[in-house]
Amino acid sequence: MSIAPPAPVHGATPVARRALAPDLARGLMLLLIALAHAHMYLSGHPAGFRGYALDGGVLDRLVAGVQILLVDGRALPMFAALFGYGLVQLANRQLATGRSWPQVRAVLRRRSLWLLVFGFCHALLLFFGDILGAYGLIGLVLVGFVRREDRVVLRAAVVGLVLHVVVLAGFGLLTISAPKGDTPAAMADPVEALVMRLIGWSGMTPTYFAASVVPAFLFGIWAARRRVLEEPAAYRPLLVRVATLGTGVAVAGGLPLMLVDTRLWEPSDLVAVSLYALHSVTGIAGGLAYAAIIGLLAGRLTSGPVVRALAACGQWSLTCYLLQSVIFVAVFAPYAGGLGTRVGDAAASGIAVVTWLVTVVLAALLAPRRGPAEAALRRLTYG
């Protein structure tokens, strides 16, 4: 009796066959991530809820206000929604090869476990605000929602929104009551910075999981089941509604905290904490709106050099995300470039834009090869 050969291991979609919208969204989202992270490397100034200097100049406060309104707390939910979307895509590819759900679930959990390891290494070596660990954790704990009914997914998302408000309100109270000090990114002793990065990461990862990524992750699962980003023309009315309403909610919810953190309004501590929670929860609507806007754009764009470069950056999203931290440490850390104590929020954001452009160009030049981090994660996941 002959023995059938083992089923081939099917991993990521070949680069040439990937849908444009999800990669374009990831590529543009990395600009928001860079802007949201760069100012965290600065030190020597009193900071507000979102970490921007309270004593900055006019340009610094203008940049901080724009980013609080449009970037902070908006990029992370967008990333989380795309992560949930991608998890469903990966599961569907595996199921299409004839694998059983337990086999597919094991692949998803193995990938999530390695993402958690990547996040640990990222925090150990580079950045305390790592988000990979939170995505790895959510993949390990909530992978079953990939197969749950829509009503269960949406109910869990609503519960996640309530938990989001509760956790963020507590975090806001801690921000007010705790003594202010330099972040690990601004510490001059590299060993002390390493220890504090790990301590911060160990607390922030479950906080991100509980408060920031679950609702958007679940909405991403819901959208992926309908192939919303792969077929944007078929869902144009939905995407227009999400883009319009989500942007309006995010701007309205972010405006009060923007006034507080730019010192244009000084309410009581209780009101300020409430505004911080409002800013965060409406950021989920903003993140979903940004994904919808990019989906609408992808349905109209033709493949030009700029679009291809941005999509290549999205295909290299893990590599480019990690490379941002490498550049920021080299430029800002006291034991490296040392600019963290000598520039303000506006300059930091300018450096963030340049850093993102460098990663876009690098990914475009090396496409269609996979990024080194993506290739490593694929090998570790599939063998």
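Position numbers for residues start from 1 in each chain and track the written sequence from start to end. Given that the model is predicted, a residue must reach a pLDDT of at least 70 before its local features are reported, and side-chain atom pairs must reach 80 or more before they are shown or counted; all residues, however, enter totals for whole chains, interfaces and linings. Side-chain metrics rest on all non-hydrogen atoms present in the structure, leaving aside hydrogens and water.

Draft legend 1. The arrangement of the overall build of the protein chain in detail. Along the backbone of the protein chain there are 13 helices and zero strands. Ordering the α and β elements of the protein chain from the N terminus gives α-α-α-α-α-α-α-α-α-α-α-α-α. Both definitions apply: the radius of gyration is a C-alpha atom measure, and the globule rule equals 2.2 Å times residues to the power 0.38. Relative to its length of 383 residues, the protein chain is compact, with a C-alpha radius of gyration of 21 Å against a globular reference of 21 Å. For the exposure calls, accessible area comes from a 1.4 Å probe over protein chains only, and a residue counts as buried if that area is under 20% of its type's maximum, exposed if over 50%, partly exposed in between. A burial count over the protein chain gives 51% of its 383 residues as buried. Contacts were defined at the residue level, with two residues in contact if any of their heavy atoms lie within 4.5 Å. Taking the contacts inside the protein chain whose residues are at least 6 apart along the sequence as the reference set, 83% of them involve residues at least 24 apart. Accessible surface, the protein chain as shown: approximately 16,800 Å² in total, 69% of it carbon and sulfur. For the protein chain, the separation between the mean place of its 31 positive charges and that of its 17 negative charges on side chains is 16 Å. Runs of H or I in DSSP of at least four residues are treated as helices and runs of E of at least two as strands, each being numbered from the N terminus. Accessibility throughout is a Shrake-Rupley quantity obtained with a 1.4 Å probe, and a residue counts as covered only by protein chains that appear here. In this tally, Asp and Glu contribute negative charge and Lys and Arg positive charge; neither His nor the terminal groups of the chain are included. For this purpose, a charge sits on NZ of Lys, CZ of Arg, CG of Asp or CD of Glu.

Draft legend 2. Structural detail: the packing of helix α11 (residues 317-332) against helix α12 (residues 345-366). Where α11 meets α12, the axes come as close as 10 Å, and the angle between the chain directions of the two elements is 135°. It follows that α11 is oblique to α12 by the angle criterion. As for how α11 packs across α12, the hand of that crossing is right-handed. On α12, the residues that touch Cys320, Leu323, Gln324, Ile327, Phe328, Val331 and Phe332 of α11 are Ala348, Ile351, Ala352, Thr355, Trp356, Thr359, Leu362 and Ala363. To get an axis, a line is fitted to the C-alpha atoms, and for a helix only the part in contact is used. The angle between two axes follows their N-to-C directions and goes from 0 to 180 degrees. Throughout, the term roughly parallel applies to angles under 35 degrees, roughly antiparallel to angles over 145, roughly perpendicular to angles from 65 to 115, and oblique to all others. Throughout, a crossing is termed right-handed when the near helix is turned clockwise from the far one, and left-handed when it is turned anticlockwise from it by less than a right angle.

Draft legend 3. Main features of helix α1 (residues 20-38). If you check α1, its first and last C-alpha atoms are 28 Å apart, about what 19 residues at 1.5 Å a residue would give, namely 27 Å. Taking burial as the measure, the 19 residues of α1 include 16 buried ones, the bulk of the element. Helices are assigned an expected span. That span is 1.5 Å times one less than the residue count.

Draft legend 4. Spotlight on a nonpolar patch on the surface. Like charges within 9 Å and nonpolar side chains (Val, Leu, Ile, Met, Phe, Trp, Tyr) within 5 Å are joined into patches, using only residues over 30% in relative accessible area that form no salt bridge. The salt bridge criterion pairs a side-chain nitrogen of Lys or Arg with a carboxyl oxygen of Asp or Glu, the two atoms within 4 Å. Taken together, the side chains of Leu59, Leu62, Val66, Leu70 and Val251 make up a nonpolar region of the molecular surface, amounting to roughly 420 Å² of accessible area. No other element matches the four residues that helix α2 (residues 58-70) contributes to the nonpolar patch. Structurally, Leu59 is set in helix α2. According to the relative accessible area criterion, Leu59 is exposed, its value standing at 56%.

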